[in-house]
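An overview of the molecular structure
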Amino acid sequence: MPRPAVPRDLDAFFDANARRLRAGLDDFLRIPSVSAKAEHAADVARAAEWLARELTAVGVPAEVIGTAGHPIVLAEWRDAGPDAPTVLIYGHYDVQPAEPLELWTSPAFEPTERDGKLFARGAVDDKGQLWLHVKALEAHLTVRGRLPVNVIVLAEGEEEVGSEHLAQFIAEHAERLRADAVVISDSAMFAPGIPSILFALRGLAYFQLDVQGPVSDLHSGMYGGAVVNPAMALARILATFHDADGRVAIPGFYADVREWGTRERDSLRGLPFDEERFRAGVGAPALGGEAGRTVLERLWARPTCEVNGLLSGYTGEGAKTVLPAKAMAKVSCRLVPDQTPADIEAKLAAHIAAVAPPGVTVTVTHLHGGMPWKAELAGPAFDAAERALEAAFGRAPVCTGEGGSIPVVGDFQRLLGAPVVLMGFGLPGENAHAPDEWIAIENVEKGMRACATFLEFVAQAR
Ligand code: BES
Ligand code: MN
Ligand code: MN
């Protein structure tokens, strides 16, 4: 087969319009659509309106659909006809909180270019990557007056808070959302210059643990030693989560874990990955985790149980002799096929009930969850993505796993029966969820071309 190429006319459109297109992305990034904070609800709504207006302006009529939470943006272009395939593009227009603000080199919601990188909250996760697809649609519609396939764009404003209302929306509108393939750009490439298609995402089960002791804080001299300390009780509970080999020690935790097949193992072995460089990149004195597993296995193929936050007692300046009344931990488990959030929640709750020391009351509250996912790595949509990435980046993509979660991916596969292709344009070190989030300008340019070429190749695949 000849080397795939980005169609000339589309390539020329991106060249000629580069500056104008970038200005549009900057406008999108300026809206602080932080889904987790009530004070930003109006900004989240404004981002939905902005996106719908943008899609409608490029020629894909869009509506903003309210939910009990943040709105969903749904846009459709169906003039390719009933015989042409339908591609559903999913992305999220909400972003993580930007705090701690003082650690940003330039303000989080003032997009700023430095060293070939565009810095802003949402630059890579996921406004920038969602926007690439919108511009791919614009290129086709401007240059050719049509799209090569039918297209549905579904964008949500609740991904960063667990996609609470999306699965139900998909289930209720399954007929309208029926598609031959779902494409998502909300992930990263394996390394600079190496385009990547994801074959695995971990799922998630997220909890809060509250440990309550006495009704109020106590003088630690007058009561300490005779009243159970909730901070110590919580520490004892958390200490039972892992054994000395770094394995999760919650009974039954690994019962449904499916070991990877040879296909996934081989692709993992073929990847150029340097554990020492990874260690140096995170700046930790040493790496840890499950004994007998490589770093990539620990990240992509194995489940975890992590503490995400701890709160108890006096944490201000100097010393205060106090026995805290309560202690709290945020705990989340990353899951792999065939674990489910409900089953892991039940096992964690039973384990905590068994190990909680007397003298305190422990409650486990479910916060959110998402199913793990593994791709097929075959079929027309996968082939089209593989060739489109090669066309845009000049080399064939690698297949990689990912430790993060996109809860809706499993729902798409389950509710629509459509294969999901994940082609991401982020890079390691892009600071998603952290200060100084960025996307490489080069990947913005190549990503738009890849997305536009993908639609072309999906149409040709039949
Ligand atoms: N885009 C990320 C998930 C991701 C990160 C996929 C890196 C692939 C590579 C997504 O926005 C995200 O942050 N997901 C959350 C899910 C949670 C809030 C339910 C996550 O993984 O923590
Ligand atoms: Mn994301
Ligand atoms: Mn995210």
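Numbering of residues begins from 1 in every chain and follows the order in which that chain's sequence is written. Written order determines the labels here, with chains lettered from A and ligands numbered from 1. It should be noted that, the model being predicted, local features are given only for residues of pLDDT at least 70 and side-chain atom pairs only at 80 or more, the latter also being counted only at that level, while totals for whole chains, interfaces and linings use all residues. The basis for every side-chain value is the complete set of heavy atoms in the structure, and neither hydrogens nor water enter the calculation.

1. Side note on the coordination of the manganese ion (ligand 3)
- Donors, by definition, are the N, O and S atoms found within 2.8 Å of a metal, the threshold being 3.2 Å for Na, K and Ca, and water is not counted, so a site can look incomplete. Binding of the manganese ion (ligand 3) to the protein goes through Asp125 (OD), Glu160 (OE), Glu160 (OE) and His433 (NE2), at separations of 2.1 to 2.6 Å.
- Every geometry call rests on angle ranges, with four donors termed tetrahedral when all angles are between 85 and 135 degrees, four termed square planar and six termed octahedral when opposite donors are over 155 degrees apart and all others are between 65 and 115, and everything else termed irregular. Around the manganese ion (ligand 3), the six donor atoms sit at angles spanning 55 to 156°, and that spread fits a shape best called irregular.
- A spacing of 3.6 Å is found between the manganese ion (ligand 3) and the manganese ion (ligand 2), which share Asp125 as a donor. Within this pair, whereas Asp125 is found in the loop between strand E5 (117–119) and helix H3 (127–144), its partner His433 is found in the loop between strand E17 (420–424) and strand E18 (438–440), the two being separated by 308 residues in sequence.
- Residue burial is assigned from relative accessible area. The probe radius is 1.4 Å, only protein chains are included, and a residue is buried under 20% of its type maximum, exposed over 50%, and partly exposed in between. Classification of Asp125 as buried rests on a relative accessible area of 11%.
- By relative accessible area, which is 41% here, His433 ends up partly exposed. To qualify as a helix, a DSSP run of H or I must reach at least 4 residues; to qualify as a strand, a run of E must reach at least 2; elements of each kind are numbered from the N terminus.

2. Overview of the pairing of E17
- Most of E17 sits out of view: five of its five residues are buried.
- Burial of the side chains of E17 extends over both faces: Val420, Leu422 and Gly424 are buried on one face and Val421 and Met423 on the other.
- Relative to E17, strand E7 (residues 181–184) runs parallel, the two being bridged by three bridges. What sits directly across from Ile184, in E17, is Leu422.
- As paired elements, strand E8 (residues 196–201) and E17 share three bridges and run antiparallel to each other. Bridged to Ile197 within E17 is Met423. At least two DSSP bridges between two strands are needed for those strands to be called paired.

3. Focus: the domain arrangement of the chain
- Marked domain ranges trace back to an automatic or database domain assignment. Domain annotation for the chain reports domain 1 (8–201 + 372–461) and domain 2 (203–266 + 294–370).
- Distance between the C-alpha centres of domain 1 and domain 2: 34 Å.
- Each partner contributes residues to the interface: domain 1 has 17 residues there, and domain 2 has 17 residues.
- Two parts placed together each lose some accessible area under a 1.4 Å probe, and adding up what both lose gives the buried area. Between domain 1 and domain 2, a total of about 1300 Å² is buried, with carbon and sulfur atoms accounting for 62% of that surface. Residue contacts are counted whenever heavy atoms from the two residues lie within 4.5 Å of one another.

4. Let's talk about the side chain of His140
- Take His140: it is sitting in helix H3.
- Given a relative accessible area of 0%, His140 falls into the buried group.
- With residues up to four places along the chain from it excluded, the contact list for His140 reads Leu10, Gly145, Arg146, Leu147, Pro148, Ala452, Leu455 and Glu456.

5. Topic: the packing of H3 against helix H12 (residues 441–460)
- Whenever a helix is involved, its axis is fitted only over the stretch in contact; in every case the axis is a line through C-alpha atoms, and angles between N-to-C directions fall within 0 to 180 degrees. The contact between H3 and H12 brings their axes to 8 Å, and the two run at 60°. It follows from the interaxial angle that H3 and H12 lie oblique. The hand of the H3/H12 crossing is right-handed. Within the contact between the two elements, H3 uses Trp131, Leu132, His133, Lys135, Ala136, Leu137, His140 and Arg144 and H12 uses Val444, Gly447, Met448, Cys451, Ala452, Leu455 and Glu456.
- Each residue belonging to the contact of H3 with H12 can be placed in one class, and the counts come to nine nonpolar, three polar and three charged. Here the angle decides the label: under 35 degrees means roughly parallel, over 145 means roughly antiparallel, 65 to 115 means roughly perpendicular, and every other value means oblique. Two helices that cross are described as forming a left-handed crossing if the nearer one is turned anticlockwise from the farther one by less than a right angle, and a right-handed crossing if clockwise. Three classes are used: nonpolar for Ala, Val, Leu, Ile, Met, Phe, Trp, Tyr, Cys and Pro, charged for Asp, Glu, Lys and Arg, and polar for all others, with Gly counted as polar.

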